[in-house]
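Secondary and tertiary structure notes
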Amino acid sequence: MAMKVDKKEEGVYTLDCQGYVCPHPQIYTKKVLEKIKSGNVLEVVFDNPSSSESISAMCVKAGHDIFEKTNTGGKYVFSIRKK
Amino acid sequence: METVSRKNQTWALGIVLFFSLVSIITYSYNEYYIYLSAYLWFGFIYGMCLQYGRFCFASAFRDLFAVGVPRMVVGIMIATVLFAFVSAFVTATGISTFHSSPTSIHSVIAGLVFGVGMVFAGGCASGSLYKTGEGNGVAFLVILSISITQAMFVDVGGWLNKLVPASWTESALSKGLPEGLDVGNGWVDQYLAGYVWNQPVTSFAKMLGFENESFLGAYFGNLIVGVVVPALLLLMVVYLFYARSSRAMEPGGGTGGGIGEDIKGFWGMLISSKRTALAGLILGVACGLQMFVMEGLRIKFGVRNAGEILQRLGSDYGLSMRGTVFDPGYWYVTTQEAQWVGWLLQKLGWKNMDNIFFGYINGIPNPALNPADWMSLALIGGAAVMALMSNEFKFKKPTRELAFLAVIGGALMGVGSRLGLGCNVGGFFVRVANGDPAGWLFGLGMIGGAFLGVKALNWWTERKMEKELIHLDL
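Residues numbered from 1 in each chain as written. Chains lettered and ligands numbered in written order. Predicted model: local features only at pLDDT ≥ 70, side-chain atom pairs only at ≥ 80, totals over all residues. Heavy atoms only, no water.

Bringing the interface of chain B and chain A into the picture now. A common way to state how big an interface is: give the accessible area lost once the parts meet. Taken together, the contact between chain B and chain A spans 44 residues of the former and 41 residues of the latter. For the pair chain B and chain A, the two sides together bury roughly 3,600 Å², of which 58% comes from carbon and sulfur. Interface area lost by chain B to chain A is led by Val67, Met465 and Leu474 of chain B, which between them contribute 15%. Between chain B and chain A we count 5 salt bridges in total. Here Glu462 of chain B makes a salt bridge to Lys31 of chain A, at a shortest N to O gap of 2.7 Å. One can count 15 residue pairs in polar contact (both at pLDDT 80 or more) joining chain B with chain A. (Contact = heavy atoms within 4.5 Å. Buried area = accessible area lost by both parts, 1.4 Å probe. Salt bridge = Lys/Arg side-chain N within 4 Å of Asp/Glu carboxyl O. Polar contact = N/O pair within 3.5 Å; in protein donor to acceptor, adjacent residues only side chain to side chain.)

Given below as structure tokens:
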């Protein structure tokens, strides 16, 4: 499945990186976060376990807020509010 | 925390039972199989540790350059230091099976090729093994690519012979290697016997005038000077360029505040990678313990190499002309991957026992009896158990894009591994931890390769992202 970015609603975007291995999920997350406005939300969907730590560390470093994290059967969804 | 499903628990138990049955049944058939089972269970431990710690060298350097995250490189460095403590102890007791590698610029070049490959592939050689255990099809493709490339690269001559400097050919032919080896034909043969073997073999202990096995040599030369000091320097560079600025994000943080704040910040960076460091500590202890166990088994059976074990098991197929097979006695990844494809190619009619790698050093035993193959398969199994028990196991089919990158990246890692006489584990991690300067040279190249790989991958993903974002009003 190819990477996909969509607008879910006003100020909320989704990035689906399922099927992608490192470093694609974290690189795409970084790139989308650079494009969206401050205060907007990005929901990242991925299934590469090691990307979870990288995305978390990247957001902490940049000051973005990951306000929800779920893992259902290896499918991760991180909701990130851009700083 | 999500509970582990019954299905996952059953699969995990099934894997453990399978490996247990293999050990019990083979041991009851012939006690020599315990030698292979020892490799198997250490491989299983390595797999669990790697998956738990997300222990991936590609991730370490790539995430640093790609997204500015130093977490994994810090974890890997801490793990290397912890492993070095264990290695120093093993060396000082005189039972270490580690041998330094020739030291020269070839290690840097090998690391560079390997580093680019691991970024494209999405994982290093050991990382791809544990990710295969997570059900990752891309990682499996990477392993296939590494294996096939190595097995072919070590035997290919033809037009590649024209790229061999005459001095290498002359030097290789003058080594007096057995007649069964076609040393004058094959790029890798002439590279090894004509160049690499002419380079100095040393250790930090020896450079300081100590014997490796002496207390000062093992703990001061190899551990403190060879590992702790360079690792600390590398971590300080990482802190200054990648972690220091992020302190401004922390409550009450900032880049000011003097040396005291920097020491606090540096310590904070070190303890942010507990998971990887813990995995590294267990890996280090397990590697050291494996050296003890394998040496103990060799003494018990009165052998020096697993080739003799295989002969006693009635299998002399694929032994090198010295009667040996690859038997490192500690954690290793890529050589056994080359061997199983080498074995397959030979079964298909490829005459590949006239090269140094297979014919003179490692052999190509039946994979079902290859101790190092038992270790790698169990490593995948151990990683699978850990992934299942943390709800992280998921079968993932590779997309065409990732399959392409996996094949290219795997091929580069295969070539890099053979040029450097090892991968990120055998060429860097184990070597550095044992005070071999060649390990740092490989690491230097690997960091450079990761930087170049990230540049290329950034260009690739930027193009894709632009196409994807064009329909959004951002």
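Before going further, it helps to examine the pairing of strand E5 (residues 75-81) of chain A. Residues and elements named next belong to chain A. For strand E3 (residues 41-46) and E5, the ladder comprises 6 bridges, and the chain directions are antiparallel. Residue pairing for E5: Glu43 is matched across the bridge by Ser79. As judged from the 7 bridges shared by strand E4 (residues 65-72) and E5, these two strands associate in the antiparallel manner. Of the residues in E5, the one forming a bridge with Thr72 is Lys75. Between E4 and E5, which pair antiparallel one after the other, the connecting turn spans 2 residues, and Gly73 there sits at a positive phi close to 55°. (Pairing = 2+ DSSP bridges. Helix = DSSP H or I, 4+ residues; strand = E, 2+ residues; numbered from the N terminus.)

Turning our eyes to something else, we now look at empty space enclosed by the protein. All chains considered together, the criterion is met by 2 cavities of 30 Å³ or more. In this structure, the largest cavity spans a volume of roughly 50 Å³. Taken together, Ala84, Ser87, Ala88, Thr91, Ala218, Asn222, Leu223, Ala433 and Asn434 of chain B make up the lining of the largest cavity. Looking at which element gives the most residues to the lining of the largest cavity, the answer is helix H4 (residues 71-92) of chain B, with 4 residues. A breakdown of the residues in the lining of the largest cavity according to their chemical character gives 5 nonpolar, 4 polar and no charged. A volume near 40 Å³ is recorded for the second largest cavity. Together, Val21 of chain A together with Ala121, Gly122, Gly123, Ser128, Lys131, Asn136, Val138, Ala139 and Val142 of chain B line the second largest cavity. Broken down by element, the residue count for the lining of the second largest cavity peaks at 3 residues, all from helix H7 (residues 137-153) of chain B. Residues that form the lining of the second largest cavity fall into these classes: 5 nonpolar, 4 polar and 1 charged. (1 Å grid on protein atoms, 1.4 Å probe; cavity = no way out; pocket = protein on both sides within 12 Å on 5 of 7 lines; lining within 4 Å. Points joined across faces, edges and corners; volume = space filled by probe spheres on them. Nonpolar A, V, L, I, M, F, W, Y, C, P; charged D, E, K, R; others polar.)

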